[in-house]
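Coordinate analysis (summary)
Read off the chains here:
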Amino acid sequence: MTYKGVLFDFSGTLFRIESAGSWLRAVLNESGVTMAPDEVRRDALRLAVAGALPGGPSPQQVPPDLADVWATRDESAERHRAAYTGLARQVPLPDPALYDALYDRHMTPDAWRPYGDAAEVLGTLRRGGVGIAVVSNIGWDLRPVFRAHGLDAFVDAYVLSYEHGIQKPDTRLFRAACEELGQDPYDVLMVGDDRGADGGAADLGCSVHFVDHLPVEERPAGLRPVIALAGQGPLP
């Protein structure tokens, strides 16, 4: 089948967040706070287990006082920050200002790397006349990340949960993306890494293709099948 539009998730699909260790070290260097290397490794692991790194591992356990804000974290910028800084505060750090600094760090282009085949796949689709939209559960504006890494030119529309006040798998978010592209959902393919969230596009009538949420080095060509799925090339 030839699709007229393709929707892509952001984190774990087109881009991958840095490791928890890199995240914490960058913030410590910027803030001038000194910690011993073994303490950095220990606290980076604790932050990862707590689920404090957006785009990183999910929390092993959400504290009861954060359960509500966690469940709806992607519906507003305020809730997103409250959820992740709240999880980070489960890990004692030497300076209280580090919690907001960690959150701020994850919104910078330097904290993200595109998957190795992202530009190739997006460029091939674009040259083939396929509309491209990014549909993300997120609490901040990811457009600067795409611009900094040279991928913004391939994207026709961004549909971000916090800007709409709804989050995937709500079909209204996918419908908004299809409308942005001017396409019927049955002519659109959704590509994502989360079967629960991204799979909601199927309820609207979109086809869905899943990729594995892996480190960039471990998934050099995970997006390439989308070229063939969208009718823009042979199967790999």
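Above this text you will find the structure in question.
Residues numbered from 1 in each chain as written. Predicted model: local features only at pLDDT ≥ 70, side-chain atom pairs only at ≥ 80, totals over all residues. Heavy atoms only, no water.

**Side note on the side chain of Q167**
We count it as follows: The way it works is that DSSP assigns letters per residue, a run of H or I at least four long becomes a helix, a run of E at least two long becomes a strand, and they are numbered from the N terminus. Between buried and exposed lies partly exposed: a residue is buried under 20% and exposed over 50% of the maximum accessible area for its type, with that area taken using a 1.4 Å probe on protein chains only. Pairs of N or O atoms are called polar contacts if they sit within 3.5 Å, as long as, within protein, a hydrogen donor faces a hydrogen acceptor (for residues adjacent in sequence, only side-chain-to-side-chain pairs). By definition in these notes, contact holds between two residues if any of their heavy atoms fall within 4.5 Å.
For Q167, the location among the structural elements is in the loop between α8 (161-164) and α9 (171-181). According to the relative accessible area criterion, Q167 is buried, its value standing at 16%. At 3.2 Å, the side chain of Q167 forms a polar contact with the backbone nitrogen of D74. Sequence-distant contacts of Q167, that is, excluding residues within four places in its chain, are made with A71, T72, R73, D74, E75, N137, S161 and L173.

**A few points about helix α4 (residues 77-88)**
Think of an α-helix as turning once every 3.6 residues; residues three or four places apart then point the same way. Under the convention used in this document: Each residue after the first adds 1.5 Å to the expected span of a helix.
Here α4 contains 12 residues, and its C-alpha end-to-end distance of 17 Å stays within 8% of the 16 Å for a straight helix at 1.5 Å per residue. Taken residue by residue, α4 has H80, A83, Y84, T85, G86, L87 and A88 as its buried positions. Along its buried surface, α4 packs onto α2 (37-50), α3 (67-71) and α5 (97-106).

**Some details on the environment of V159**
Mapped onto the elements, V159 comes out in strand β5 (residues 157-160). Expressed as a C-alpha distance, the spacing of V159 and A148, which sit 11 residues apart in the sequence, is 19 Å. Aside from chain neighbours lying at most four places away, what touches V159 is V134, V135, S136, H164, L173, A176, A177 and E180.

**Considering the sheet that holds strand β7 (residues 207-210)**
Counted only if it meets this: Any two strands with at least two DSSP-identified bridges between them are counted as paired. Where helices are involved, their axes are fitted lines through C-alpha atoms of the stretch in contact, as for all axes, and angles between N-to-C directions lie from 0 to 180°.
The parallel open sheet is built from 5 strands, whose spatial order is β5-β4-β1-β6-β7. On the outer flanks of this sheet lie β5 and β7, each paired with one strand and no other. Sheet twist, expressed as the mean angle between neighbouring strand axes with direction ignored, is 20°. Bridge count for strand β4 (residues 131-136) against β5 is 4 bridges, and the pairing is parallel. Its bridge partner lying in β5, A133 is registered against A157. The strands touched by helix α6 (residues 118-127) are β1 (5-8) and β4; relative to β1, the strand with the most contacts, the crossing angle is about 155°. Packing against the sheet, α9 makes contact with β1, β4, β5 and β6 (188-192), and its axis sits at approximately 155° to β4.

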